[in-house]
Amino acid sequence: MNYKKLILWSIAGVMVVLAAGSYFWSLRIGVGQLAGYEEKLVNGPHIFLPVKEYDFGDIKQSGPIAKRSFEVINNGTEDVVIDKVVTSCSCTTAKISKSILRAGELAILSVAFDPNYHFESYEQISRSVTIFSNAKNDPRPEVKVYATVEYDLGIDKTKYGVDED
């Protein structure tokens, strides 16, 4: 009798999975859309950044340069041309892997924050990176990184000293 129940539960489980799959297929919803990315291309050059912020957390002044990569996707029907990438402070650098993204292509934006560049605050620091492009939806999207620097070497030991207000 337990064997019959196991078979019935297995059949019921398979039917539920098939029904859910059929439902999502009928809506033409792909896995990417469920994650926030549209598989269907949008008309014109169109930039999509799945992740726009990252917090490095607490980092030491004496530690290594903090790095993070962000995906930049052209989910448009025309090329996205990236003119330049600008950071909000010279303690942060950014580089993009491609200057032209064809329809459906992905580029990697590499961001680096130097915790020993200069003293700013004992509070959380925010830096932004702006991408200048021809995208119709957002020609200047930004990513932001955050960090709280522990000045374990001392604020007078930073590369460029203490900022004057």
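Residues numbered from 1 in each chain as written. Predicted model: local features only at pLDDT ≥ 70, side-chain atom pairs only at ≥ 80, totals over all residues. Heavy atoms only, no water.

A. A look at the pattern of salt bridges. Using the criterion set out here, one finds 5 salt bridges in the structure. One salt bridge in this structure joins Arg 102 and Asp 79, with 2.5 Å as the shortest N-O distance. Highlighted residues: Arg 102 in the loop between strand S6 (100-101) and strand S7 (106-113) and Asp 79 in the loop between strand S3 (66-74) and strand S4 (80-87), separated in sequence by 23 residues. The exposure class assigned to Arg 102 is partly exposed, which follows from its relative accessible area of 43%. (Salt bridge = Lys/Arg side-chain N within 4 Å of Asp/Glu carboxyl O. Helix = DSSP H or I, 4+ residues; strand = E, 2+ residues; numbered from the N terminus. Buried < 20%, exposed > 50% of the residue type's maximum accessible area, 1.4 Å probe, protein only.)

B. Fine view of the nonpolar core. Val 72, Leu 109 and Phe 113 are the most contacted members of the largest nonpolar core, which has 28 residues in total. Elements with a minimum of two residues in this core: strand S2 (53-60), S3, S4, S7, strand S8 (125-133) and strand S9 (142-150). When residues no more than four places from it in sequence are discounted, the contact partners of Val 72 are Ile 47, Phe 48, Leu 49, Ile 96, Leu 101, Glu 105, Leu 106, Ala 107, Leu 109 and Ile 131. (Core = buried A, V, L, I, M, F, W, Y, C linked by side-chain atoms within 4.5 Å. Contact = heavy atoms within 4.5 Å.)

C. Up close: the side chain of Ser 128. In this structure, Ser 128 sits in strand S8. The class for Ser 128 is buried, based on a relative accessible area of 14%. Excluding residues within four positions of it along the chain, Ser 128 makes contact with Val 86, Thr 87, Ser 88, Glu 142, Val 143 and Lys 144.

D. View of the pairing of S3. By the bridge criterion, 2 bridges tie strand S1 (residues 47-48) to S3 in an arrangement that is antiparallel. Directly across from Ile 47, in S3, lies its bridge partner Asn 74. In this structure, S3 lies alongside S7, joined through 8 bridges in antiparallel fashion. The residue of S7 that forms the bridge with Ser 69 is Ser 110. (Pairing = 2+ DSSP bridges.)

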